[in-house]
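Chain residues, written in single-letter form:
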Amino acid sequence: MNSNLGKLQAYPFEKLRQLMAGITPKPGVSEIKLHMGEPRHATPEFIKEALVVGLGGLSTYPATPGQPALRQAIADWMKKRYGLDGINPDTEILPVNGSREALFSFTQAIIDPNCGYVPLVVSPNPFYQIYEGGAYLAGADIRFLNSVRENDYAFDYASLSEEEWRRVQLLVVCSPGNPSGKVLNLDDWKALFTLSDKYGFVIASDECYSEIYFDEAQPPLGGLQAAKQLGRNFERLVMLSSLSKRSNVPGMRSGFVAGDAAILKDYLRYRTYHGCAMSPVFQAASIAAWKDEAHVVANREQYRRKFAEAAPLVQSVLDAPLPEAGFYLWAKTPISDTDFARRLAAEHNVHVLPGSFLARQAHDINPGAGYVRIALVATLAECLEAASRIQQFLTRL
Ligand SMILES: Cc1ncc(COP(=O)(O)O)c(C=O)c1O
C-alpha cells in the first residue's frame, strides 16, 4: 500500500462519531444536525428538470474539458460576478466534480515529489481536511498558518522559516473561510501575491462559500478578481468554485477550477488520465444552474433570515459573532469544545462540530480548540429550536 495513506487522520465526522459513542439520545427530543457543512435547502426545480432533459447524455462518454457550453456558461457567470470579461473559457476554465475532488487532484498535479527536497503545501489552520490529505498523498509535507479570531484571522507568514517558504509549491486559502467566514481583502491578496512572486509557489483559492453572503451590494472578493484589480494576470493562481452551496446541489458534484492557463493545461492532462470527466447529465444541469441567479439570491435570503433570527439567541449565551460570509457560526465555548459538543448532543440532541477536529496543533496551539462550528443549514424552525436548546444548555452549565 501507499505508505502515505498512513499519514491521513480520521476525518472530523469520524472523530465526531467516536466522541458521541455511547450517547443515548433523549427520548422525544428531535435530533438537530448542525455539524456538517451540507447545504439542505431544496434543490431548485429547474435544475432537476435540466437534469432530466440531459439524461440523453448517459449514452456518451464525457470529454474531460467538459462541453464548450458549460465552460461558456461559467465564463459568463465569472464576467457578471467578478467583472472578469476577458476570461477564456477554452484555456482558463475546467469543470470539475465539485471542489473537494478538485482540491485533491489539483494538489497531485502541482506537487513535484521528485524535486530533490520534501515539497510543502501551506494551509490555513483550521482548514478543510482535503488540503492535508491531498498534500500527503502527493508526497508533500504540510505547514499551517494559524487563523485565530484574536488576530482577525490574519496569517502570520513569519511563522514559517525562510527555508520552509523556499520549499513551498502550493498554498491553499479559503475565502470566505471555513469555519471563520473571513473574506480575504485586496491587501491580503497583495501580500499573498508578493510571497508567490518571491518563492514561486502556486496559490489555490477555495471559494466554495463565495455565494453565501449578507449584503447583495457587496459580494466577497474573489482571488482572480483581486488579481485583476491589482493589474496582474493569473500566473500561479487558480480559484475553485462550486455549485454545491450556491445552488443546493451537493449531490451533483459540480464546480470548476479557473485561472492560470499553463497550469490548467497540465491539470487537464492529469485529469484525462485520472478519468474524472463530469457526467454529461450533470453538465446539462450545471449549465442551467450557472445561467440563473434568481435562485441564488433566494438562497442567500434564506440564510440571511436564519442568521437574523437564530444568531441573536446563540449570541445571548455564546461569543459567536456574525461571519462576513458563509453559513457557519464559529462560537467560543466556555468548556472544552469536545465536552461542549458531546454534552449538547447528549442533553439536547443538537449536533455541532468541535473546532479542534478542524485544526491541527501548530506553532504551540490548536487554533480550533475552544470553539465549535455551528452550520445554519437546517430549516429556520430547526435552527431556532437548536438556538433555544443551546440557550437552555448554557443557562444550566
Ligand atoms: C472549505 C470547503 N472547500 C470545499 C468543499 C467541497 O465542496 P464541494 O466538493 O461540494 O464543491 C467544502 C465542503 O463543505 C468546504 O467546506
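Residues numbered from 1 in each chain as written. Predicted model: local features only at pLDDT ≥ 70, side-chain atom pairs only at ≥ 80, totals over all residues. Heavy atoms only, no water.

Q: Explanation requested: the pattern of salt bridges in the structure shown.
A: Two side chains that carry opposite charge are able to pair once their charged atoms sit near each other. Tallying each qualifying case throughout the model produces 25 salt bridges. For Glu101, the salt bridge goes to Arg271, with nearest N and O atoms at 2.5 Å. Separated by 170 residues along the polypeptide, Glu101 in helix α4 (residues 99-110) and Arg271 in helix α10 (residues 261-274) bring together distant segments of the chain. The pair formed by Glu101 and Arg271 is uniform in burial state, with each residue classed as buried. Close ionic contact of Glu150 with Lys332 constitutes a salt bridge, the shortest N to O distance being 3.4 Å. Note that Glu150 is positioned in the loop between β4 (141-146) and α6 (162-167) and Lys332 in strand β9 (residues 328-332), a separation of 182 residues in sequence. (Salt bridge = Lys/Arg side-chain N within 4 Å of Asp/Glu carboxyl O. Helix = DSSP H or I, 4+ residues; strand = E, 2+ residues; numbered from the N terminus. Buried < 20%, exposed > 50% of the residue type's maximum accessible area, 1.4 Å probe, protein only.)

Q: Explain the layout of surface pockets here, please?
A: The volume enclosed by the largest pocket comes to roughly 500 Å³. Going through the elements one at a time, α1 (12-19), α4 and α9 (243-246) are the ones with two or more residues in the lining of the largest pocket. Shared between two domains, the lining of the largest pocket holds at least three residues of each, these being domain 1 (3-42 + 295-396) and domain 2 (45-292). (1 Å grid on protein atoms, 1.4 Å probe; cavity = no way out; pocket = protein on both sides within 12 Å on 5 of 7 lines; lining within 4 Å. Points joined across faces, edges and corners; volume = space filled by probe spheres on them. Domains from an automatic or database assignment.)

Q: Even after reading the chapter, I still don't get the sheet that holds strand β12 (residues 371-375), so can you show me in this structure?
A: Working definition: the strands of a sheet are paired by backbone hydrogen bonds and lie parallel or antiparallel to each other. If you walk across this open sheet you meet the 3 strands as β9-β12-β11, and the pairing is antiparallel. Unpaired on one side and paired on the other, β9 and β11 (353-354) mark the two borders of the sheet. Note that β9 and β12 share 5 bridges and pair antiparallel. Counterpart to Tyr328 in the pairing with β12 is Ala375. (Pairing = 2+ DSSP bridges.)

Q: Honestly, the site of the ligand in this entry has me stumped. Any pointers?
A: Around the ligand there are 16 residues in total, and Asp206, Ser242, Ser244, Lys245 and Arg253 lie nearest to it. The side chain of Tyr209 places a nitrogen or oxygen atom 2.7 Å from an oxygen atom of the ligand. A distance of 2.6 Å separates an oxygen atom of the ligand from a polar side-chain atom of Arg253. For the ligand, the protein covers 93% of the area, taking 400 Å² as the surface of the free molecule. With respect to the pocket detection grid, the ligand is positioned in the largest pocket. If you list the elements that add at least two residues to the shell around the ligand, you get α4 and α9. Here the residues of the shell around the ligand are counted per class, giving 6 nonpolar, 6 polar and 4 charged. (Near = heavy atom within 4 Å. Polar contact = N/O pair within 3.5 Å; in protein donor to acceptor, adjacent residues only side chain to side chain. Areas by Shrake-Rupley, 256 points an atom, 1.4 Å probe, with all protein chains shown as cover. Sits in = over half its atoms within 2 Å of the grid points. Nonpolar A, V, L, I, M, F, W, Y, C, P; charged D, E, K, R; others polar.)

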